[in-house]
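# Structural overview for review
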Amino acid sequence: MMKFRFRRQGNDPQREKIKQELFAFNKTVEHGFPHQPCALAFDPQLQLMAIGTKSGAIKIYGSPGVEFTGLHRDAAAVAQIHFLQGQVSLLGHFLDTWNTYIHRDIHVCVCYNVCDVVSSASRVTVLLLLSSCDLLCVGTEGGGIHFLDLPRLSLRDNQSLLLDQVIIPEDYRCGKSLGPVESLQEHPKQPGKILIGYSRGLVVLWDLSTRNAEHMFLGKQQLESLVWERSGSSFVSSHSDGGYSVWAVASGNTYTHQPVSSSIPYVVLYSGGMPRASYGDRHCVTIQQDKQHVTLDFTSRVIDFFTVHTTDPEHDYDDPKALVVLLEEELVVIDLLTTGWPSVPPPYLAPLHSSAITTSCHLDNVPAKLWDRLAAAGNSQGAHHLTWCVCVWKNLAPPPRQQELLLTGHEDGTVRFWNVSAVAMTPLYKLSTANVFHTDCDPNDDPLDPTNDPEALQEEEWPPFRKVGCFDPYSDDPRLGIQKISLCKYSCRLVVAGTAGQVIVLGLSDEWSDHTVDVSTVDLLQDREGFTWKGHDRLEPRASTAPFPPGFQPLVLVQALPPASVTSVMLHAEWNLVAFGTSHGFGLFDYHRRTAVLARCTLHPNDSLAMEGPLSRVKSLKKSLRQSFRRIRKSRVSGKKRPIPTPTSKIQEANAALADQEEVAPVQRRIEPRSADDSLSGVVRCLCFADTYLRDGTHHGPTLWAGTNSGSVYAYALEVPGVGSGRGRPGGEGSGCVEAVLGKEIQLMHRAPVVSVCVLDGRGKPLPEPYQASLDLATAPDMTNPHSVLIASEEQLKVFSLPKVGAKTKFKLTAHEGCRVRRVAMVTVCSTAQEDYSETSLVCLTNLGDLHLFNVPALRPQVRYDCIRKEDISGIASCVFTRNGQGFYLISPSEYQRFSLSAKVITEPLCTVELERPLETHIRSLLHTNTSGDTHSSLLETHTLLAVPGGDYNRTWPRCSNVHK
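Anyway, here's the lowdown on the structure attached to this text. Given the structure is predicted, the values throughout are model-derived calculations rather than measurements. (Residues numbered from 1 in each chain as written. Predicted model: local features only at pLDDT ≥ 70, side-chain atom pairs only at ≥ 80, totals over all residues. Heavy atoms only, no water.)

## Some words on the overall build of the chain
Just so we agree on the cut-off: Counting from the N terminus, the helices are DSSP H or I runs at least four residues long and the strands are E runs at least two residues long. Relative accessible area decides the class of each residue, using a 1.4 Å probe on protein chains only: under 20% of the type maximum gives buried, over 50% gives exposed, and in between gives partly exposed. What makes two residues a contact is simply this: any of their non-hydrogen atoms within 4.5 Å. Here the open area of atoms and residues is found with the Shrake-Rupley method and a 1.4 Å probe, where only the protein chains shown may cover a residue.
What the chain contains, in helices and strands, is 13 helices and 64 strands. Across the 965 residues in the chain, those meeting the buried criterion constitute 50%. A sequence separation of at least 24 residues applies to 61% of the contacts in the chain between residues at least 6 apart. When the accessible area of the chain is evaluated, it comes to approximately 45,600 Å², of which 50% is carbon and sulfur surface.

## A word on unusual backbone geometry
With an omega dihedral of 0°, the bond running from L561 to P562 counts as a cis peptide bond. Within the secondary structure, P562 is located in the loop between β41 (551-561) and β42 (568-572). Residue R211 is not a glycine yet carries a positive backbone phi of 55°. Mapped onto the elements of the fold, R211 is located in the loop between β14 (202-207) and β15 (212-218). Although it is not a glycine, L349 adopts a positive phi angle of roughly 60°.

## What about the nonpolar core?
Cut-off, in case you're wondering: Throughout, nonpolar core names a set of buried Ala, Val, Leu, Ile, Met, Phe, Trp, Tyr and Cys residues whose side chains join them through atoms within 4.5 Å.
Membership of the largest hydrophobic core comes to 33 residues, with the highest contact counts inside it found for L374, L405, L407, F417, L494 and F552. Among the elements that make up this core, the one with the highest residue count is helix α7 (residues 368-379) (four residues). If you look at the next biggest cluster of nonpolar residues, it comprises 23 residues, including I194, L202, L208 and M216.

## A look at α7
Our working definition: Residue count minus one, scaled by 1.5 Å, sets the expected span of a helix. Note that the arc is computed from the directions linking the helix axis to the C-beta atoms.
Helix length check: α7 (twelve residues) gives 16 Å between terminal C-alpha atoms against 16 Å at 1.5 Å per residue, within 8%. When α7 is considered as a whole, its buried residues turn out to be L370, W371, R373, L374, A377 and G378. One face of α7 carries all of its buried residues, which in axial projection span an arc of 165°. Opposite the buried face of α7, by more than 90 degrees, sit the exposed residues A368, K369 and N379. If you follow the buried residues of α7, they end up packed against β29 (405-410), β30 (414-419), β31 (426-432), β36 (502-509) and β41.

## What to know about the pattern of salt bridges
Applicable threshold: Whenever Lys or Arg places a side-chain nitrogen within 4 Å of a carboxyl oxygen from Asp or Glu, that contact is recorded as a salt bridge.
For the structure on display, the rule yields 27 salt bridges. A salt bridge links R864 to D850, with the nearest nitrogen and oxygen atoms 3.2 Å apart. With R864 in strand β57 (residues 861-866) and D850 in strand β56 (residues 850-855), the pair connects residues that are 14 residues apart, well separated along the chain. Between R864 and D866 there is a salt bridge, and its shortest N-O distance comes to 2.9 Å. Accessibility expressed as a relative area gives 43% for R864, which makes it partly exposed. If you follow the salt bridges from partner to partner, you end up with E30, K59 and E895 in one network.

## Considerations on the environment of V683
Relative to the helices and strands, V683 is located in the loop between α10 (647-663) and β46 (684-693). Here V683 falls in the buried class, since its relative accessible area comes to 9%. Residue contacts for V683: discarding those within four places in its chain leaves T567, T582, S583, G707, T708 and N709.

## Quick look at empty space enclosed by the protein
Test applied: In the cavity and pocket records, a cavity denotes points on a 1 Å grid over the protein atoms alone where a 1.4 Å probe fits but cannot get out, a pocket denotes an open set with protein on both sides within 12 Å along at least 5 of 7 lines, and lining residues are residues with an atom within 4 Å of a point. Grid points are joined across faces, edges and corners, and a volume is the space filled by probe spheres set on the points. As a working rule, the residues Ala, Val, Leu, Ile, Met, Phe, Trp, Tyr, Cys and Pro are called nonpolar, Asp, Glu, Lys and Arg charged, and the rest polar, with Gly in that last group.
Under the definition given, this model contains five cavities of 30 Å³ or more. In this structure, the largest cavity encloses a volume near 70 Å³. Considering the residues around the largest cavity, the lining is formed by E30, H31, G32, Y61, E67, Y348, L349, A350, L352, W418, V423 and M425. Element by element, the count of residues in the lining of the largest cavity is highest for strand β1 (residues 23-32), at three residues. By residue class, the composition of the lining of the largest cavity is eight nonpolar, two polar and two charged.

## Observations concerning the sheet that holds strand β17 (residues 234-239)
Which entries qualify depends on this criterion: When DSSP finds two or more bridges between two strands, those strands count as paired. Fitted lines through C-alpha atoms give the axes, limited to the stretch in contact for helices. The angle between two N-to-C directions lies from 0 to 180 degrees.
Pairing is antiparallel in the open sheet, where three strands are placed in the order β16-β17-β18. Of all the strands in the sheet, just β16 (223-228) and β18 (244-248) have a single pairing partner and so form its edges. Taken pair by pair, the neighbouring strands of this sheet meet at an average axis angle of 25°, ignoring direction. Here five bridges tie β16 to β17, and the two strands are oriented antiparallel to one another. Bridge pairing in β17 links W228 to F235.

## Remarks on the pairing of β46
Burial analysis of β46 places eight of its ten residues in the buried class, which makes it a mostly covered element. Bridge count for β46 against strand β47 (residues 700-708) is nine bridges, and the pairing is antiparallel. Within β47, the residue paired with T692 across the bridge is G701. Connecting β46 to the antiparallel partner β47 that follows it, the hairpin turn spans six residues.

## Concerning the side chain of S183
Rules: Under this definition, polar contacts are N or O atom pairs within 3.5 Å; protein pairs additionally need one hydrogen-donor-capable and one acceptor-capable atom, and for neighbouring residues in sequence, both atoms have to be side-chain atoms.
Its location among the elements puts S183 in strand β12 (residues 181-186). A residue is classified by how much of its surface remains accessible, and S183, at 4% relative accessible area, is buried. A distance of 3.4 Å separates a polar atom in the side chain of S183 from the backbone nitrogen of L226. With sequence-adjacent residues up to four places away left out, S183 is seen in contact with V126, L195, I196, G197, S225 and L226.

## Side note on the packing of aromatic side chains
As a reminder, the rule being used: Each Phe, Tyr or Trp ring (for Trp, its six-membered ring) is paired with any other whose centre lies within 6.5 Å, and the angle between the two planes then decides the class: stacked below 30 degrees, edge-to-face above 60, tilted in between.
This structure, assessed with the given rule, holds 20 aromatic pairs. Each ring, one from F25 and one from Y865, has its centre 5.5 Å from the other, and the planes form 20°; the classification is stacked. In this pair, F25 sits in strand β1 while Y865 sits in strand β57, placing the two residues 840 residues apart along the sequence. The buried category is assigned to Y865, whose relative accessible area is 16%. Centre to centre, the rings of F217 and F235 are 4.8 Å apart; their planes meet at 85°, and the pair counts as edge-to-face. A residue pair is termed long-range when its members are at least 10 positions apart, and F217 in strand β15 and F235 in strand β17 qualify at 18 residues.

## A few points about the sheet that holds strand β24 (residues 322-327)
An order of β23-β24-β25-β26 is seen for the four strands of this open sheet, with the pairing classed as antiparallel. Edge positions in the sheet fall to β23 (302-308) and β26 (343-344), since each of these pairs with one other strand and no more. The sheet contact formed by β23 and β24 spans six bridges and is antiparallel. Pairing of T307 across the sheet is with L323, part of β24.

## Structural notes on the environment of I334
Inspection of the secondary structure assignment puts I334 in strand β25 (residues 331-335). Here I334 falls in the buried class, since its relative accessible area comes to 0%. For I334 and P345, which are eleven residues apart along the polypeptide, the C-alpha to C-alpha distance reads 8.9 Å. Ignoring sequence-local partners within four residues, the contact set of I334 consists of I287, L296, K321, A322, L323, W341, P342, S343 and V468.

## Describing the side chain of S831
Summarising the element assignment, S831 is placed in the loop between β54 (821-830) and β55 (838-846). Among the polar contacts listed, one links the side chain of S831 to the backbone nitrogen of Q834, at a separation of 3.4 Å. Dropping the residues within four chain positions of it, S831 is found in contact with E21, L22, Y837 and K904.

Here you go:
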């Protein structure tokens, strides 16, 4: 036997050029709420907001579409953030990396070395940046205050203020230390004078020019914070006992022992202040003005807050417009100009994890009619709207080419619709499925209504709590969780499937509706003997009429039995069919006639784990471990038993070794076949509808494909009455019933789980979506040449010809790369050089977090990119691709990272700001001495952001421009 090996040809330069014009990997923007925020700052002049996180990230926000992100390399938590003005050049010299990356607009100085400059033995507790921006006051835990020159952050010699330099009466000291420095505040009318607050309660008004204590306020309660009144004639101190005091700053007296009256004729805002015994577990911010008193009750810890108010020094009052509260899990904005102080939804920073995200789905090129109806339904859900207070910066990004939706399913049974057409991810509409069922905490079934109890109302009159925010991590019933979503954007049909086997078909309506929901059950076991469901019960559907608001309203509820979690779902609205799969099998339902078409059980006789719900997995895990050890022991014992050598067995061994040498190349890894009796082998991983050739090569028709965990693919030929004659169109009527007949059954050799099934037309292109061809929204598929089916398993990609199901080509990803496929999608990328040129590629995300792109149908590798860390299992599991070559994955429970595989389609920020403030003369001279050689930056006034602590940062900044008037 002779075997020829041909040398592989080198790379084609022309093809490499085309690849560069098509493919490019970029991580573009981060959507959602920052994970674990710990610092907040606001510039009232530029109207920019900055948030620092425990992972060392600094995020700056302006108007919608204006977002910046910087990440610390050592993941050091950000303690405080302060904005600086007019220090662009010197701060640029201090951190040249930032000066290069920020494009002369926003400069961030990260004071990671403040503690080293001050004292390695004393922790920094508070910072104060003077209004002149040339001096930084650093308060420490030891009670000392040190002064640093900006922007060099050099310590002023012999200028530090230590505790022994503060001379106070002996009867007040009593041998006790003053404690750490808790607060530093600059006098609003007399620059150069600062208010120093010590933990014990002492407050000192210190004159920096004379280095003398001008006034001392001998407080006796433990101090928490200080704030000046606008005129500078008084200040307010807050204390650990939940109270606050007003102190008058009078000339002539050196010591003040008692505060003045605590009544303040202004708007007072403070966090905390609740009695520990009764409300110690509450997270509150209180607003008081005269007799108005509201205590905002949040579901997560308060980090910090600020008010948006006037900065005109001619005004006698601050005139606050809005209150912005940064919480641990969300951002809340309160309108202070409207009666009742209602909350306002911000245009970004929405808490995606208000309930834990369980699944996601992306739709591109959403029709305008559907978009407008969803927006109208979202507006009717009662949100109070206010002009966003952080809005000076302008978004210069062009209007999006198309409207894009990201649908997220949540643990509490809700589906949220997000506008992801641009940089800002904004909420559009929220759907709840809980009112379809009787849940464990159904308010309609609760006989103890607190609104009917006058004594309960009397008890809740003080403090006047008001629940604010939408973060609610607790679910009334875990069975409500959404597992799969499928939406047809042309017929406005939506299918959501949940944890308890519920599959709900919904239609879009613009009016309120009171109706009952039709219920149908599909038994996937088909009375199969020997299987008993040990998991949770099904959700009880509501038998009475229920009100449904405008938006998506349920049409029919399909209940799969046993009520296991739905693992896959597919909607074909043109045929009025929905297919769903669980760990027991898959079913097909005609929601137009409310009839079940097909129920197929995929359980293996040894698949006992599928009969147990998620609440009984402990016993199953122990049993699975025992079975694994038994298999290992059995294989070892069987390996020791050597058969008696015979001539026949020697020939078979030689033939087997020769076959192995022929089939396995030296660069490939040997893949062992999986056992047929592995647990959960019957899980249905994917479903697919297609109009293709299955029975013969001359007649095509509707088909259903289903892939399982055991490497099996079932193909059913469907008889759909009226297809092509108007039945499937919205509002169309027809007669007859849908029938399903098993056409093909494919078993992959290694029994690797099937991740995706996609049918290709005669040109090797994926078939269009339902309604696209019939409504002339896409090119009609090629039905003259033979079709093929692309089956992607966890180990390899393989193309089979139809209808004979003969193997055409394959790529062994696991054998070549040593990884397993986790996500698969077909994407279309456009060229940057030719407007009318595009290619359809198959993108695979592996368990190592890398992306592989292949051309279709030849399955030749194109490019490979590192996308997600292999340790980030949740990020890999949450990844979703778009049809135009972009993708999303969770980098935290509350944030999506957006990336692009297309060199042409990139969603990135583009913004500018216009300033009308004159530059200082000495700042202008410093700018002209910029050593970077950038003369354009000398004409710009910029603001700088100071964060503590920090270090070398990685950059993910957008392209920006800055215009000075």
